Amino acid sequence: MIMRRMLFAVCTALMILSGCEYHPYYDGQEFCVYNAGCGLLETDGGHAIVPTVGRNPYVLEFYGGKGENHSVEIEDPEILGYSLREKDVNLPIGDCELIPAGVTLLPKKVGDTSITVKDEDTGKSIQIYIHVREAYKAIQVCEEGKYFDKETIFAFRFPSEDNAVRICRGSVADNDVRHVAFGTYRFIMSEDLLYFEIAFPADEDGRPAAEGNEVRRIYQVQLEEGGSFSARVMFNSLNINDYMKDYDAVFRFVDETDVFYARSAQFITWNEDE
């Protein structure tokens, strides 16, 4: 019985190895480039918005041609660097993963440049416009209150030590964020409770506006149903201090005259012109 199992394991491994030798991403088809953020690019003129820092590396994957030889040219190397990745076949036990060739974009500073990637085997090249933009953590209001409606977004620059917040409108889920006004903020931990203090220009109804008189409000941050864990737990669950975390909870923001609900912060790339 033991020998039969060993033979079965060896045969399975051989099948995996032989089955993964062929790389279907490169079968002579037309050279193209892909990333989930910018889609499938087959000709010059595509655009990619790349954060200065990100949850994961920004990789442009190569498909078509032979997948053997590629070259890269950056218009402005002071804005963007890169690292080439060769195609590979990863062979975990019981399965195989086909890894396409590609280029990892390495942002250096905010700005606009372009990258030209070329399949040296076919001679085809594709130029892509790269827009390196600031990274933000953004909190979306999901149930409106007296002063902040459901499209209100609080965007905190990441990484940053400043106290500035962009008050915006739009959708965090769609990375559709439009600036309304600048404000200042801080999170306060007092008697093991978490508070959110924000100052911003407001219209006559107390809502954020590009022009207006400054108002200052202090909200206690609670669980969705009310009550609270410790201030540190609440702060961590908001995703503000560590952008690599991925909590997704709803919180209740309460002051003497207002209550609104908002979700944990999510990572976004600023895509408006400054």
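Sequence order sets the numbering: in each chain, residues are counted from 1 along the sequence as written. Owing to the predicted nature of the model, reporting of local features is limited to residues with pLDDT of at least 70; listing and counting of side-chain atom pairs is limited to 80 or more, with chain, interface and lining totals taken over all residues. Calculation of side-chain values draws on the structure's entire complement of heavy atoms; hydrogens and water are dropped beforehand.

Draft legend 1. Layout of the nonpolar core. Residues belong to one nonpolar core when they are buried, are Ala, Val, Leu, Ile, Met, Phe, Trp, Tyr or Cys, and are joined through side-chain atoms within 4.5 Å. When a residue's accessible area, from a 1.4 Å probe over protein chains only, is under 20% of the maximum for its type it is buried; when over 50% it is exposed; and in between it is partly exposed. Core analysis: the biggest nonpolar cluster contains 28 residues, and Phe 154, Leu 238 and Phe 253 have the highest contact counts within it. Each helix is a run of DSSP H or I of at least 4 residues and each strand a run of E of at least 2, with the numbering of both proceeding from the N terminus. Here the element with the most residues in this core is strand S16 (residues 193–202); it accounts for five residues. In this description, contact between two residues means that some pair of their heavy atoms is separated by no more than 4.5 Å. Once residues within four sequence positions are removed from consideration, Phe 154 is found in contact with Lys 137, Ala 138, Ile 139, Val 141, Phe 148, Val 165, Arg 166, Ile 167, Ile 198 and Phe 260. Formed by 23 residues, the second largest nonpolar core is a distinct cluster that contains Cys 38, Tyr 58, Leu 80 and Leu 105.

Draft legend 2. Up close: the pattern of salt bridges. One speaks of a salt bridge when a side-chain nitrogen belonging to Lys or Arg is within 4 Å of a carboxyl oxygen belonging to Asp or Glu. Overall, the coordinates contain 15 salt bridges when judged by the stated rule. Residue Glu 78 is joined to Lys 109 by a salt bridge in which the shortest nitrogen-to-oxygen separation is 3.9 Å. In this pair, Glu 78 sits in the loop between strand S5 (70–74) and strand S6 (80–85) while Lys 109 sits in the loop between strand S9 (102–107) and strand S10 (111–119), placing the two residues 31 residues apart along the sequence. Using a relative accessible area of 42% as the deciding quantity, one classes Lys 109 as partly exposed. The salt bridge involving Arg 133 is made with Asp 112; its shortest N-O contact spans 2.9 Å. Residue Arg 133 is found in strand S11 (residues 125–133), and its partner Asp 112 is found in strand S10; the two are separated by 21 residues along the sequence. Exposure remark for Asp 112: the relative accessible area of 44% places this residue in the partly exposed category. When salt bridges that share partners are traced, they join Asp 149, Glu 151, Arg 169, Asp 176 and Arg 178 into one network.

Draft legend 3. Here's a closer look at the confidence of the model for the chain. pLDDT measures the predictor's confidence residue by residue and takes values from 0 up to 100. Chain-level statistics for the chain give a pLDDT mean of 86 and a share of 86% at 70 or above. Across the chain, the secondary-structure element scoring lowest on mean pLDDT is helix H1 (residues 2–19), at 38, and the one scoring highest is S16, at 97. Counted against residues more than four places away or in other chains, residues 1–21, with its pLDDT under 50, gives nine contacts.

Draft legend 4. Molecular detail of the sheet that holds strand S3 (residues 46–51). Two strands are said to pair when DSSP picks up at least two bridges between them. Pairing is mixed in the open sheet, where four strands are placed in the order S3-S11-S10-S5. Bordering the open sheet on either side are S3 and S5, each of which pairs with just one other strand. Sheet twist, expressed as the mean angle between neighbouring strand axes with direction ignored, is 25°. Here S3 runs beside S11; their pairing, made up of six bridges, is parallel. From the neighbouring strand, Ala 48 faces S11, where its bridge partner is Ile 130. Angles here are taken between N-to-C directions and fall from 0 to 180 degrees, while the axes themselves are lines fitted to C-alpha atoms, restricted in helices to the stretch in contact.

Draft legend 5. Inspection of the packing of aromatic side chains at higher detail. Aromatic pairs are defined between Phe, Tyr and Trp rings, using the six-membered ring for Trp, whenever the two ring centres lie within 6.5 Å; interplanar angles under 30 degrees are classed as stacked, those over 60 as edge-to-face, and all others as tilted. Applying the stated rule across the entire model yields 17 aromatic pairs. Measuring from ring centre to ring centre gives 5.4 Å for Tyr 136 and Trp 270, while their planes differ by 45°; the resulting arrangement is tilted. On the criterion of sequence distance, the pair formed by Tyr 136 in strand S12 (residues 135–143) and Trp 270 in the segment after strand S20 (266–269) is long-range, its members being 134 residues apart. Trp 270 shares its class with Tyr 136; the two are buried. When the centroid spacing of 6.4 Å and the interplanar angle of 80° are considered together, the rings of Phe 156 and Phe 196 count as edge-to-face.

Draft legend 6. View of the layout of surface pockets. Reported here for the largest pocket is a volume of approximately 500 Å³. Lining the largest pocket are 23 residues, and of these Ile 49, Pro 51, Asn 56, Tyr 58 and Thr 269 sit closest to its centre. Going through the elements one at a time, S3, strand S4 (58–63), S9 and S20 are the ones with two or more residues in the lining of the largest pocket. With five residues, S3 is the single largest residue contributor to the lining of the largest pocket. Any residue outside Ala, Val, Leu, Ile, Met, Phe, Trp, Tyr, Cys, Pro, Asp, Glu, Lys and Arg is labelled polar, Gly included; the first ten of those are nonpolar and the last four are charged. Residues that form the lining of the largest pocket fall into these classes: 14 nonpolar, eight polar and one charged. Think of a 1 Å grid over the protein atoms and nothing else: a 1.4 Å probe that fits but is trapped marks a cavity, an open set flanked by protein within 12 Å on at least five of seven lines marks a pocket, and residues with an atom within 4 Å of a point count as lining. Grid points are joined across faces, edges and corners, and a volume is the space filled by probe spheres set on the points.

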